[in-house]
Amino acid sequence: MNEPATTGASGGDVLLSIEDLRVTFRRRRTDRPVRAVNGVSFTLDRGETIGVVGESGSGKSTIARAVMRLVPAERGRAVLDGRDLLTLGGADLRNARKDVQMVFQDPYSSMNPSMVVADIIGEPLEVQAGIKGAARDKRVAELLDNVGLSSRHLQRYPYEFSGGQRQRIAIARALANRPKLVILDEAVSALDVSTQNQIINLLEDLQHGTGVSFLFIAHDLAVVRHIARRTVVLYLGRVMEEGPSERIFEKPAHPYSEALLSAVPIPNPAVQRQRSRVVLSGEPPDPSNPPPGCPFAARCTYVMDICRTAMPEPTPVDGGGIVACHLQTSGPALASRTLSALSVRPG
Amino acid sequence: MTDPLLVVDGLTVEFYSGSGWEKVVDSVSFTVGRGETLGLVGESGSGKSVTCMALTALIPMPPGRISAGSVRLDGRELVGLNPKELESVRGAQVANIFQEPMTSLNPAFTVGEQIAEMVRRHQKIDRKAAWARAVEMLDRVGIPNPARRAKEYPHQFSGGMRQRVMIAMAVSCEPKLLIADEPTTALDVTIQAQVLELLKDMQTEFGMSVVFITHDLGVVAQVCDRVVVLYGGRVMEQSGIDDLYYRPVHPYTEGLLTAMPQIGPRSGRLASIPGSTPVPSSLPAGCAFGPRCPYVIDECRSGPVPLTELGGGRASRCVRVHDLTLVGTK
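Rules used in this analysis
Residues numbered from 1 in each chain as written. Chains lettered and ligands numbered in written order. Predicted model: local features only at pLDDT ≥ 70, side-chain atom pairs only at ≥ 80, totals over all residues. Helix = DSSP H or I, 4+ residues; strand = E, 2+ residues; numbered from the N terminus. Rg over C-alpha atoms; globule rule 2.2 N^0.38 Å. Buried ≥ 20, exposed ≤ 12 C-beta atoms within 10 Å, placed from the backbone. Contact = placed C-beta atoms within 7 Å. Pairing = 2+ DSSP bridges. pLDDT = per-residue confidence, 0-100. Axes fitted to C-alpha atoms, helices over the stretch in contact; angles between N-to-C directions. Parallel < 35°, antiparallel > 145°, perpendicular 65-115°, else oblique. Left-handed = near helix turned anticlockwise from the far one by under 90°. Nonpolar A, V, L, I, M, F, W, Y, C, P; charged D, E, K, R; others polar. Core = buried A, V, L, I, M, F, W, Y, C linked by C-beta atoms within 7 Å.

## Some words on the overall build of chain A
Along the backbone of chain A there are 10 helices and 12 strands. Its C-alpha radius of gyration of 21 Å places chain A within 12% of the 20 Å reference for a compact globule of 347 residues. Sorting the 347 residues of chain A into buried and exposed places 49% on the buried side. Contacts in chain A between residues at least 24 apart in sequence constitute 64% of all its contacts with a sequence separation of at least 6.

Below is the structure:
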């Protein structure tokens, strides 16, 4: 069987390879451990965007934080250009941080309110690359221009900007030292749709110009469909399905992906009225007390006995990617086909 | 047509900003029929939440004030009621649910106590009967083990379950009108689907009218019968749900519709409306949307644009309403 981590997304040049990542939280020593990320593997190609989707508690932000070394990983690797980010220390780690930057949902809380834009963007240049003085100012102006702001904004404070403009500043700061990877954690979720689209177009332009890779974390599936060539679907810290966005959004192979897509409201009243939908009952299980077997079993329309006892192994799917579902192996033998091949719908 | 439940006429809300009174909601008028769901749609700062807060005088006054207009619920004027009268309207006849249930629930009391308190406030029943009603309501909104869960505190509930608790509380006194302000925005999409379904069930069961405030045109398509589109505190368009999506009559509506990302096959760049939403202090003299409008002409800038009634309950605040052919959802 192919190892999902090494199949190398679309045969391209792998930049980031996350292998069997596990992050465990424990509030107190006596508490049950919470496996926020439980054996996650995927790869991201150079110059590509991968979307990571899932509901609250699926572990999508924790993956980002583990890669950034903001939370410790219990197990696994996050290999960027041949170096495992999770084991680096000291000067090596500081060096590697230049290559990985992050943009958060709320730029207001990720910027020092008492610093002007010139310093917000200039600080990483000084600290990480030792670029000072006139060279620094020149690069800051260039970065502002790249994100659609101008040098007349240099001496302004974060509060003087709209949400969309602040997110542009956050993006300029992230790109300051020409990183190889930028992690965008719900970076457009707080914006109005029109502003959100401006930022997404900007990100696509920047990727085109610099060849940076994006790890795009979002709960909005329509946005991920647009920006990401590949998508990872997470549920309770595990990868349910991964593969080319086109295949996942048109022919999901995992019942959870199918349900997730079917729950998205469509801005078209006639389509909305005619649509057959899988409305999931219940909520995700308690992460400190996960059920044995597949974490989605309790809400799954197609659940079988084996789903409640054993976690399914990742299996390759026709059209690309992998899926972790017993329907592929022990069920009506989907065997590498997508869910649409299952004509009889139980329940 | 029977007389509408709610008639809002020329509602104007101002806030004091240090340099004077700023109009945040400017002469907003709409009606809500019995059993109908009206959507109030707009971007941040469009005035949609303030409009709805003002209906039951929930805006802080000062710094806010309702400087003009009337709000009639079942023929009764709500603007100018004294605090005691307002209290008998809020909860009993008009109930609110908000985006973040945790800020609406008291963390120090069990959810059962909070629902029972609401019931006792408006109905003459004893403690025991009110508690029984609370448990019954929790059951009705689909909370498992309601008798046990009623004794738990808000923090012991998930986000989706908390919103169910809010809905239970809101409908416990069988209000005529439910105002739902972005009730599913903070929820995951599968939970959102559940809560929207629950709201629809409750509406049918209790025969309520609903004012649904949201920025999400996907949700609007799913739940609303008619829609009022707000921009810069003014009504830009008012239309039935199908007309709004397929035959919009205001350039701003067209802009919003074309900007909605679709789940379907990827298609080039995402559309966006240039610029950003105006703040009340910097509204232009003419059409509020003028500076961002692709169809703007000199006439748009010359003075306030009136709302043009188009028949069939439709209206548009656009000087070019008769000569533009706008593109809706295909």
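The discussion continues.
## Comments concerning the overall build of chain B
Assigned secondary structure in chain B consists of 12 helices and 12 strands. For 330 residues, the compact-globule estimate of 2.2 N^0.38 gives 20 Å, and chain B sits close to it at 21 Å. In chain B, buried positions account for 49% of the 330 residues.

## Examining the sheet that holds strand β5 (residues 83-84) of chain A
Residue and element names in this part refer to chain A. Pairing is antiparallel in the open sheet, where 4 strands are placed in the order β2-β1-β4-β5. Strand pairing shows two members of the sheet lacking a second neighbour, β2 (34-45) and β5, which therefore form its edges. Across 9 bridges, strand β1 (residues 14-25) lies against β2 in antiparallel orientation. Note on β2: the bridge partner recorded for T24 is R35.

## Quick notes on the environment of G51(A)
All names here are of chain A. Residue position: G51 is located in strand β3 (residues 49-53). The spacing of G51 and T24 is 27 residues in sequence and 23 Å in space, taken between C-alpha atoms. Those residues within four positions of G51 in sequence are excluded, and the remaining contacts are F216, A218, V224, I227, A228, T231 and S245.

## Topic: the confidence of the model for chain A
Considering every residue of chain A, the mean pLDDT works out to 89; 94% of them sit at 70 or more. Here residues 1-7 of chain A is a poorly scored stretch, pLDDT under 50, and it has 11 contacts once near neighbours within four places are set aside; other chains count.

## Describing the packing of helix α4 (residues 111-122) of chain B against helix α7 (residues 159-171) of chain B
All names here are of chain B. In contact at an axis separation of 9 Å, α4 and α7 are set at 20° when each is read in the N-to-C sense. Put simply, α4 runs roughly parallel to α7. Along this stretch, α4 crosses α7, giving a crossing that reads as right-handed. Listed contacts from α7 to V111, Q114, I115 and M118 of α4 are V165, A168 and M169. Looking at side-chain class alone, the contact of α4 with α7 contains 6 nonpolar, 1 polar and no charged residues.

## Looking at the interface of chain B and chain A
Listed as interface residues are 37 residues of chain B and, on the opposing side, 33 residues of chain A. Of all the elements in the fold, those that place two or more residues in the side of chain B that touches chain A are α8 (189-206), α9 (217-223), α10 (241-246) and α11 (251-259) of chain B. For the side of chain B that touches chain A, the element with the highest residue contribution is α8(B), accounting for 7 residues. Of the residues that constitute the side of chain B that touches chain A, the class distribution is 16 nonpolar, 14 polar and 7 charged.

## A look at the nonpolar core
Grouped together as the largest cluster of nonpolar side chains are 197 residues, with contacts concentrated most on L215(A), F216(A), A54(B), A134(B), L177(B) and V211(B). For this core, the element with the most residues is α7(B), which contributes 8 residues. Excluding its chain neighbours within four sequence positions, the residues that come into contact with A54(B) are L11(B), V13(B), V25(B), I59(B) and I66(B).

## Re the sheet that holds strand β3 (residues 37-41) of chain B
All names here are of chain B. Strands sit in the order β6-β7-β8-β3-β9-β10-β12-β11 across an open sheet of 8 strands; the sheet is mixed. Among the strands making up the open sheet, the edge pair consists of β6 (94-97) and β11 (308-311). Strand after strand, the sheet turns through a mean of 20° between neighbouring axes, direction not considered. Taken together, the 5 bridges between β3 and strand β8 (residues 209-214) define a ladder with parallel strand orientation. Note that in β8 the partner of L38 across the bridge is V211.

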